[in-house]
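Chain residues, written in single-letter form:
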Amino acid sequence: MFYHGFLKVATSSPKVSVGDPMANVDVMLRALQVAQDHQAGILVFPELSICGYTCQDLLFQEYLLQDVKTAIEHLLINNPFEGVCAVGAPISIHRNLYNCAIVIQKDKILGVIPKFYLPNDMEFYEERWFTRGYEIVKHYDEIEFLGRKVPFGSLIFDHHQSGISFGVEICQDLWVPSSPSQRLALNGADVILNLSTSNEVYLKSKTRKDLVRIQSLKLAAGYIYCSSGVYESTTDGVFGGHSLISQNGTLLAESDMFSREDLNVMFADLDISNIQFDRRRSSSFRQSAEDNMDYIKHIPFNLVENKHYKFEQTIDPTPFVPKNDLKDAFEEMMNIQMAGLAKRIEHTKLDKVLIGVSGGLDSTLALLLAAKTFDLLEIPRKNIMAYTIRGFGTSQRTNQNANQLMKVLGVTHHDIDLRESVLSHFETIGHDPKEIDITYENAQARERTNILMNLANKMNGLVLGTGNMSELALGWCTYNGDQMSMYAINAGIPKTLVKFMVKQFMCLQSEELTMNEEDAKLLQETLADVLDTPISPELIDTPQHTEEIIGKYEIHDFILYHMLNNGDTEDRIYLLMKEAFKDEFSEEKLLEYLQIFYRRFYSQQFKRSAMPDGPKVLDISLSPRTDWRMPSDADYRRRL
């Protein structure tokens, strides 16, 4: 049901026999068994699912209300589901009829929640039968139902062991400007259940999906929305069984529309830990919660921890990389980076940019972005001063790719051999050049930066940094070497996203690249080879593959995402790593990468604390001026 902060939830929009509660419960019991077999923790049925939403004036008939009670008793006696389910039913309270959600666990009714807001226009006229629940909840916190006292009104249901809490609203309650779910979320409900019957008209499903997704985003919550299906369709109304599960603005699952299956059960994994992390991190949510503190009765419920939890959705091994609308995603990120650089150029009134081009991924992307930015500002590309600064390990392949890039992009190219100056420096500091150590490597990185900085002063230009967020996370950069620049254009994107951006540049047409077709083709060929070249700092004259030293960037980016975006613990990240990479890496290798990441992340904060300006591209960043403020001397204690 739950494990390591994950909760399996479900919706069912089953076949309905309008006006026949016992037949409906028999179908619902089958859906409950399916949910039990899948070890779900919460199952949500549609609004008025016990009797059917479209009973209309049959709701006035005493026999129907009696049948509803008998059917609910039957459900309680025969319920196979260990988790919590929410069903919809009409309930009479002091001779008024209320459209209610009933929260059930096994043979116990945990609570009853009335619908606050009743639609009474267009094709809906619920006020003909029901009284809205907004007023009665101010006077009653329990009712008598089926011979027992039952909690009633605005309720929050808590499982203390897992820290999971949920609340309930019904259909129209979501659509009003101030919804009950807002009050529930601000008072502790991590998940909102919505029992609904929403009819289908042209484009309404799109609006509904946007509404559920945005509500989950605003509330920093999981939102489970279950609507009645095609068997409710009657007279002029058609229903499609549109069910949705969303979390923090991301749609996790969406049912097929107009399905004629009997049960229509849909599952998803809610990440409760992520919900709670987002709320802790968001000052505006905390302030709003403080401003809306209210007394809401809390009801305990039970969940079983499942150490053999099976995920419904695939765990994305490259969560930073867009999976849909690739061109739009690329253009938006490119425009963010270009806009940042353009502003810096305009503000400083400098029309020259200096960049070291190694033929690797990062400097390739930085050079492409610089070229596009100069086109935007209508500054000649010749004002981009690009340098191949060759050291002891520069390979022919990367050097050739660097030269090809600079040629087809039409920038000003200079070639510098820094080996003599580095050897001279070794003599100055008394370092034996035969000793291939960190001094040998970092002296080259710092000399490159020293050359670029001094040339920038000489030419009245800006040094454009090329390092990315993954390198900053791992500290895989030389302090006051490639760590430093006058504008770090790639600092807001991780390595996997650098690859994505370069791949998308390959897809651009010649007119988008502002070059002829022959040069565009040569550029694409060069970019393909850059993407295929093993990542290396090339500081020694033997093969030096970064990912053989510190591990795969794909895995480090996965860890970085879940640490920064979700606030995940090491053991939770390890669990997700094993699921995401189970077909590629052994558990031992994944654990090794995890420990490398955390050890380096903690020890290298001093480099991030001194990082230069650079555009924030994603919703997370390692800049000490925006998203990440960490003491440089924080201690790391291994927790796994």
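Preceding this paragraph is the structure being described.
In this report, we go over the structure that sits alongside the text. (Residues numbered from 1 in each chain as written. Predicted model: local features only at pLDDT ≥ 70, side-chain atom pairs only at ≥ 80, totals over all residues. Heavy atoms only, no water.)

A word on the packing of aromatic side chains. Counted according to the given criterion, the structure contains 25 aromatic pairs. Taken together, a centroid distance of 6.5 Å and an interplanar angle of 40° make the contact between Phe6 and Tyr309 tilted. Placement of the pair is Phe6 in strand β2 (residues 6-12) and Tyr309 in the loop between β16 (297-300) and α7 (326-348), with a sequence separation of 303 residues. Residue Phe6 shares its accessibility class with Tyr309, and that shared class is buried. (Phe/Tyr/Trp six-rings, centres within 6.5 Å; stacked < 30°, edge-to-face > 60°. Helix = DSSP H or I, 4+ residues; strand = E, 2+ residues; numbered from the N terminus. Buried < 20%, exposed > 50% of the residue type's maximum accessible area, 1.4 Å probe, protein only.)

Turning our attention to the packing of helix α8 (residues 361-377) against helix α13 (residues 495-506). Running from N to C, α8 and α13 point in directions that differ by 50°, and their axes come no closer than 10 Å. By the angle between their axes, α8 is oblique relative to α13. Once α8 is placed against α13, the crossing between them reads as left-handed. Contacts between α8 and α13 involve Leu361, Asp362, Leu365, Leu368, Leu369 and Lys372 from the former and Lys495, Val498, Lys499, Met501, Val502 and Phe505 from the latter. (Axes fitted to C-alpha atoms, helices over the stretch in contact; angles between N-to-C directions. Parallel < 35°, antiparallel > 145°, perpendicular 65-115°, else oblique. Left-handed = near helix turned anticlockwise from the far one by under 90°. Contact = heavy atoms within 4.5 Å.)

Leu367 and Phe505 are the most contacted members of the largest nonpolar core, which has 90 residues in total. The contact partners of Leu367, leaving out residues within four places of it in the chain, are Ile355, Val357, Ile384, Ala386, Leu405, Met406, Leu409 and Val411. Counting 51 residues, the second largest nonpolar core, distinct from the first, contains Ala10, Ala31, Phe45 and Leu59. (Core = buried A, V, L, I, M, F, W, Y, C linked by side-chain atoms within 4.5 Å.)

Because side chains alternate across strand β20 (residues 462-465), one face comprises the buried residues Leu462 and Leu464, and the other comprises Val463 and Gly465, equally buried. In this structure, strand β17 (residues 353-356) lies alongside β20, joined through two bridges in parallel fashion. By the bridge assignment, Leu354 is partnered in β20 with Val463. (Pairing = 2+ DSSP bridges.)

Given a rise of 1.5 Å per residue, 14 residues ought to cover 20 Å, and the 20 Å separating the end C-alpha atoms of helix α9 (residues 396-409) matches this to within 8%. Taken together, the buried positions of α9 are occupied by Thr398, Asn399, Asn401, Ala402, Leu405, Met406, Val408 and Leu409. Buried residues in α9 make contact with α8, β18 (384-390), β19 (412-417) and α15 (517-532). Downstream of α9 by one or two residues, Gly410 has phi in the positive range, about 70°. (Expected span 1.5 Å × (residues − 1).)

Attention now moves to the sheet that holds strand β12 (residues 222-227). The strand order across the open sheet built from seven strands is β14-β13-β12-β11-β10-β9-β16, with neighbouring strands paired in mixed fashion. Two strands bound the open sheet, and with one partner strand each, they are β14 (250-254) and β16. Pairs of neighbouring strands in the sheet enclose a mean axial angle of 20°, with direction left out of account. Here strand β13 (residues 244-247) pairs with β14 via four bridges, running antiparallel.

Next up on the list: the side chain of Glu471. Its place among the elements puts Glu471 in helix α12 (residues 469-474). Each residue touching Glu471, except ones within four places of it in the same chain, is listed here: Asp362, Trp476, Cys477, Lys495 and Tyr553.

As a further point, take the environment of Phe330. Along the chain, the position of Phe330 falls in helix α7. With a relative accessible area of 1%, Phe330 lands in the buried category. On a C-alpha basis, the gap between Phe330 and Phe81 in space is 46 Å, while along the polypeptide they are 249 residues apart. Not counting chain neighbours up to four residues away, the residues in contact with Phe330 comprise Phe500, Met501, Gln504, Phe505 and Leu508.

With that out of the way, let us pick up helix α5 (residues 272-281). Since the α-helix turns once every 3.6 residues, residues separated by three or four places project in the same direction. Within α5 the residues assigned to the buried category are Ile272, Asn274, Ile275, Phe277, Asp278 and Arg279. For α5, the capping residue at the N-terminal end is Asp271, with a side-chain oxygen 3.3 Å from the backbone nitrogen of Ser273. (Polar contact = N/O pair within 3.5 Å; in protein donor to acceptor, adjacent residues only side chain to side chain.)

Sheet strands pair by backbone hydrogen bonding; their relative direction is either parallel or antiparallel. Read from one edge of the open sheet, five strands run β19-β18-β17-β20-β21, paired in parallel fashion. The open sheet has two free edges, formed respectively by β19 and β21 (487-488), since each of these has just one partner strand. Bridging between β17 and β18 involves four bridges; their strand directions are parallel. The residue bridging Gly356 from the neighbouring strand is Tyr387, located in β18. Along the sheet, α9 makes contact with β18 and β19, crossing β18 at roughly 170°.

Attention now moves to the environment of Ser233. Mapping Ser233 onto the fold places it in the loop between β12 and β13. Overall, the relative accessible area of 29% leaves Ser233 in the partly exposed class. Sequence separation between Ser233 and Asn199 is 34 residues, and the spatial gap between their C-alpha atoms is 8.4 Å. Ignoring anything within four residues of it in the chain, the contact list for Ser233 reads Val238 and Phe239. Engagement of the side chain of Ser233 in a polar contact is seen with the backbone oxygen of Val230, the distance being 2.9 Å. At 3.0 Å, the side chain of Ser233 forms a polar contact with the backbone nitrogen of Phe239.

Here we take up the pairing of strand β8 (residues 148-151). Where strand β7 (residues 142-145) lies against β8, four bridges are found, and the strand directions are antiparallel. Residue pairing across strands places Phe145 opposite Arg148, the latter belonging to β8. Where β7 hands over to β8, the hairpin turn is made up of two residues, of which Leu146 adopts a positive phi near 55°.

The gaps of empty space that remain are located by a probe, the size of a water molecule, rolled over the atoms. For the coordinates displayed, the defined rule picks out three cavities of 30 Å³ or more. Estimated volume of the largest cavity: approximately 120 Å³. As for the largest cavity, its lining consists of 15 residues, of which Gly467, Leu472, Asp482, Gln483 and Ala488 are closest to the centre. Its residues assigned to classes, the lining of the largest cavity comprises seven nonpolar, six polar and two charged. In this structure, the second largest cavity encloses a volume near 70 Å³. Taken together, Ile113, Pro114, Phe116, Gly153, Ser154, Leu155, Val168, Glu169, Asp173, Pro180, Arg183 and Leu184 form the lining of the second largest cavity. Counting only elements with at least two residues in the lining of the second largest cavity, the list comes to β6 (108-114), β10 (164-170) and α3 (180-186). With three residues, the top contributor of residues to the lining of the second largest cavity is α3. Looking at the lining of the second largest cavity, its residues break down into seven nonpolar, two polar and three charged. (1 Å grid on protein atoms, 1.4 Å probe; cavity = no way out; pocket = protein on both sides within 12 Å on 5 of 7 lines; lining within 4 Å. Points joined across faces, edges and corners; volume = space filled by probe spheres on them. Nonpolar A, V, L, I, M, F, W, Y, C, P; charged D, E, K, R; others polar.)

Residues other than glycine seldom take positive phi values, yet Leu146 does so here, at roughly 55°. Along the chain, Leu146 turns up in the loop between β7 and β8. The phi dihedral of Glu538 is positive, around 50°, even though this residue is not glycine. Tracing the backbone through its elements, the reader meets Glu538 in the loop between α15 and α16 (546-549). Classification of Glu538 by relative accessible area gives buried; the value is 14%.

In short, the description is geometric, and any link to function would need to be established separately.
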